[in-house]
Amino acid sequence: MPTNNEIAVRRFYEALATGDTALVDEALATDWEAVPPLRTGSGPEGWKASIAHLRGVFSELTFEIEDVVMNGDMIAVRAVNRAKHTGELLGVEGTGREVEFRAADFHRVVDGRIVRTWHLEDYFGIAHQIGLEFTRGA
């Protein structure tokens, strides 16, 4: 049986996977903090804006949780996203390419609400898959 803390974390991702941002209000504390800060703003409204942005950039977005590890008020999640790149990202217009990118998050959860999330994502892998090329400086 999942704990209230685990339910909150699963709702966080379900909102991304489905676009149902009402779930964000069930998952996040009103003063939720993302580390690093989201470009779309802070708190639950920032996460809702990020969801809208990501679902606009990536059509057919799926989100699969591969591992969940809990220790006290901390929950770690390792996940993989798959989608089609159809909107502008990193200065690259939608390519129609299938992409896959991994992420790891560490959530601090208090009283069934996420209060802080540390997010790590494979931005280099995404950039490569949508056609950005990197060269070594001289």
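Computed from a predicted model, the values in this text were never measured in an experiment. (Residues numbered from 1 in each chain as written. Predicted model: local features only at pLDDT ≥ 70, side-chain atom pairs only at ≥ 80, totals over all residues. Heavy atoms only, no water.)

**Focus: the side chain of Thr117**
Step number 1: Relative to the helices and strands, Thr117 is located in strand 5 (residues 113–121).
Step number 2: A distance of 2.9 Å separates the side chain of Thr117 from the side chain of Trp32, its partner in a polar contact. (Helix = DSSP H or I, 4+ residues; strand = E, 2+ residues; numbered from the N terminus. Polar contact = N/O pair within 3.5 Å; in protein donor to acceptor, adjacent residues only side chain to side chain.)

**Digging into the pattern of salt bridges**
Step number 1: Under the definition given, this model contains 13 salt bridges.
Step number 2: For Lys48, the salt bridge goes to Glu45, with nearest N and O atoms at 3.1 Å. With Lys48 and Glu45 both in helix 3 (residues 43–57) and 3 residues apart, the pair spans about one turn of that helix.
Step number 3: Two residues, Arg102 and Glu66, come together in a salt bridge whose shortest N-O distance is 2.8 Å. One end of the pair, Arg102, is in strand 4 (residues 98–110); the other, Glu66, is in strand 2 (residues 58–71), and 36 residues separate them in sequence.
Step number 4: Three or more residues are tied together by salt bridges with common partners; here these are Glu64, Glu66, Asp67, Arg78, Arg82, Glu100 and Arg102. (Salt bridge = Lys/Arg side-chain N within 4 Å of Asp/Glu carboxyl O.)

**Looking at the packing of aromatic side chains**
Geometry of an aromatic ring pair is reported as the spacing of the ring centres plus the angle between the planes.
Step number 1: Applying the stated criterion to the full structure yields 6 aromatic pairs.
Step number 2: Ring plane angle 85° and centroid distance 5.0 Å describe the contact between Phe12 and Tyr13, whose orientation is recorded as edge-to-face. Comparing Phe12 with Tyr13 shows no difference in burial state: the two are buried.
Step number 3: Here the aromatic rings of Phe58 and Phe101 are separated by 5.1 Å at their centres, their planes lie at 40°, and the arrangement is tilted. Here Phe58 is found in strand 2, whereas its partner Phe101 is found in strand 4, with 43 residues between them in sequence.
Step number 4: Of the residues examined, Phe101 reaches a relative accessible area of 4% and is grouped as buried.
Step number 5: Aromatic rings pair up to connect Phe12, Tyr13, Trp32, Trp47 and Phe63 into one cluster. (Phe/Tyr/Trp six-rings, centres within 6.5 Å; stacked < 30°, edge-to-face > 60°. Buried < 20%, exposed > 50% of the residue type's maximum accessible area, 1.4 Å probe, protein only.)

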